[in-house]
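Take a look at the letters that make up each chain.
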Amino acid sequence: MSALGRLERVDLRAEWTKEDRDFTPWLAREENIRLLGETLNMSLEVEQEERRVGRFSADILCKDTGATDGGWVVIENQLETTDHSHLGQILTYAAGLEAKTCVWGAANFHEEHRAAIDWLNEISGDDHQFFGLEIELWR
């Protein structure tokens, strides 16, 4: 019989000290971005990490290769609880890159930011979608 253990939740910063140097490259790996795509029912292919949008940089720009129009997907990572700054960032990146899909990953979502994501989905057409994903790490 094999030994069983208990799952232990790990603080995101314990594994990934810097979001841009540690977490974003980890997420952009083929096997990880594929898993994210499967979770969202998309076929994601990384185009570029830290994609410039004017004087700012989107964390990851992907192509949804499963979509008929091959729409752009912008991913914004946040290893803490959501804040207004990151909400503004992902909208700025989406506009600058003409993204069809926005994925905002964070450790926790404030209810107001969940409501903002819901509202964006309500007012946008079927060709645009917004996702808020809570990131958890377990050992």
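Structure's up top.
A brief structural summary. (Residues numbered from 1 in each chain as written. Predicted model: local features only at pLDDT ≥ 70, side-chain atom pairs only at ≥ 80, totals over all residues. Heavy atoms only, no water.)

**Considering the pairing of strand β3 (residues 72–81)**
Of all 10 residues that make up β3, 7 are buried, and the element is covered over most of its length. As paired strands, strand β2 (residues 56–64) and β3 are joined by 4 bridges and run antiparallel to one another. Note that in β3 the partner of Leu 61 across the bridge is Val 74. Note: β3 against strand β4 (residues 101–108), 7 bridges, orientation parallel. (Buried < 20%, exposed > 50% of the residue type's maximum accessible area, 1.4 Å probe, protein only. Helix = DSSP H or I, 4+ residues; strand = E, 2+ residues; numbered from the N terminus. Pairing = 2+ DSSP bridges.)

**Description of the sheet that holds β4**
Ordered in space as β1-β2-β3-β4-β5, the 5 strands form an open sheet in which the pairing is mixed. Strands with a single pairing partner mark the edges of an open sheet, and in this sheet they are β1 (44–53) and β5 (129–134). Here the strands of the sheet are splayed against their neighbours by 25° on average, with no regard to which way each runs. With 8 bridges connecting them, β1 and β2 associate as antiparallel partners. Opposite Arg 51, over in β2, you have Ala 58 as the bridge partner. (Axes fitted to C-alpha atoms, helices over the stretch in contact; angles between N-to-C directions.)

**As for unusual backbone geometry**
The backbone of Asn 41 sits at a positive phi, close to 60°, despite the residue not being glycine. Take Asn 41: it is sitting in the loop between α3 (30–40) and β1. The backbone of Glu 98 sits at a positive phi, close to 55°, despite the residue not being glycine. Among the secondary structure elements, Glu 98 is positioned in the loop between α4 (84–97) and β4.

**Comments concerning the packing of aromatic side chains**
Under the criterion given, the structure shown has 4 aromatic pairs. Here the aromatic rings of Trp 16 and Phe 23 are separated by 4.8 Å at their centres, their planes lie at 75°, and the arrangement is edge-to-face. An identical accessibility class is assigned to Trp 16 and Phe 23; each is buried. Their ring planes at 45° and their centres at 4.9 Å tell us that Trp 16 and Trp 26 sit as a pair that is tilted. Taken as a pair, Trp 16 in the loop between α1 (12–15) and α2 (19–28) and Trp 26 in helix α2 lie far apart in primary sequence, 10 residues in all. For Trp 16, a relative accessible area of 6% corresponds to the buried category. (Phe/Tyr/Trp six-rings, centres within 6.5 Å; stacked < 30°, edge-to-face > 60°.)

**Focus on the side chain of Glu 19**
By the secondary structure assignment, Glu 19 is in helix α2. Notably, Glu 19 is buried but unbridged: the nearest opposite-charge side chain belongs to Arg 13, and the N-O separation is 6.1 Å. When sequence neighbours within four positions are dropped, the list of residues in contact with Glu 19 reads Arg 13, Thr 24, Pro 25, Asp 59, Asn 77, Gln 78, Leu 79 and His 86. (Lys, Arg positive; Asp, Glu negative; His and termini not counted. Salt bridge = Lys/Arg side-chain N within 4 Å of Asp/Glu carboxyl O. Contact = heavy atoms within 4.5 Å.)

Any link to function would need more than the numbers given here.
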